[in-house]
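These are the residues of each chain, in order.
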Amino acid sequence: MFLIVAKYLIPKGYRGVTLFPFVLFKYREDLKDTILINHEKIHLRQQVELLIVPFFIWYLLEYIFRLFQYKSANLAYRNISFEREAYANEKNNQYLARRSFFRFIEYVVLHKK
């Protein structure tokens, strides 16, 4: 995992983006944010499990599906299974040590947050 500060590569409204093996952060102080780093580590694990490229294809397709479902970009993003898993477990620093493979599947069920 390589942590990089890349303020101008991060979309407005976001603080981090994970593109295996890189984690890009908007601000230098984000490098000390253990919750944000754990969130992005969960995405790294998801990307490895799906062999990286399929992860991004699934992510995009699920985002499009959720956009039609919720008619809101923010709700669509928040309800992508990968994001639901990461947000639900970002405060648990032990999560990745106990996480089973393909755990994000449990978060695919349609659910409005």
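Read on for a plain summary of the structure. (Residues numbered from 1 in each chain as written. Predicted model: local features only at pLDDT ≥ 70, side-chain atom pairs only at ≥ 80, totals over all residues. Heavy atoms only, no water.)

Side note on the side chain of Glu 83
The following threshold applies: Elements are defined by DSSP. Helices are runs of H or I of four residues or more, strands are runs of E of two residues or more, and each kind is numbered from the N terminus. Whenever a nitrogen or oxygen atom comes within 3.5 Å of another N or O atom, the pair is scored as a polar contact, on the condition that within protein one atom can donate a hydrogen and the other can accept it, and that pairs from neighbouring residues in sequence are kept only if both atoms are in side chains. We call two residues in contact whenever any of their non-hydrogen atoms come within 4.5 Å of each other.
Secondary-structure assignment places Glu 83 in helix α4 (residues 81-89). A polar atom in the side chain of Glu 83 sits 3.2 Å from the side chain of His 43. If we ignore the near neighbours within four places in the chain, the residues touching Glu 83 are His 39, His 43, Tyr 59, Tyr 77 and Arg 78.

Overview of the packing of aromatic side chains
Ring pairs (aromatic) are described by centroid distance and by the angle formed between their planes. Counted only if it meets this: Any two rings among Phe, Tyr and Trp, with Trp reduced to its six-membered ring, count as a pair given centres within 6.5 Å; such a pair is stacked if its planes are under 30 degrees apart, edge-to-face if over 60, and tilted if neither. Think of it as a cone above the ring: NZ of Lys or CZ of Arg counts as a charge over the ring if it is within 6 Å of the ring centre and within 35 degrees of the ring normal.
Applying the stated criterion to the full structure yields 11 aromatic pairs. Aromatic side chains Tyr 77 and Tyr 87 sit 6.2 Å apart centroid to centroid with 90° between the ring planes, which places their arrangement in the edge-to-face category. Of this pair, Tyr 77 sits in helix α3 (residues 73-78) while Tyr 87 sits in helix α4, and the two are 10 residues apart along the sequence. Joined through ring pairs, the aromatic side chains of Phe 55, Phe 56, Trp 58, Tyr 59, Phe 82, Phe 102 and Phe 104 make up one cluster. The ring of Tyr 87 has Arg 78 sitting right over it, with the charged end atom 4.1 Å from the ring centre.

Let's talk about the pattern of salt bridges
Worth spelling out the cut-off: Salt bridge, as applied in this entry: a Lys or Arg side-chain nitrogen positioned within 4 Å of an Asp or Glu carboxyl oxygen.
Using the criterion set out here, one finds 6 salt bridges in the structure. Within this structure, Arg 15, Asp 30 and Asp 33 form a network of salt bridges that share partners.

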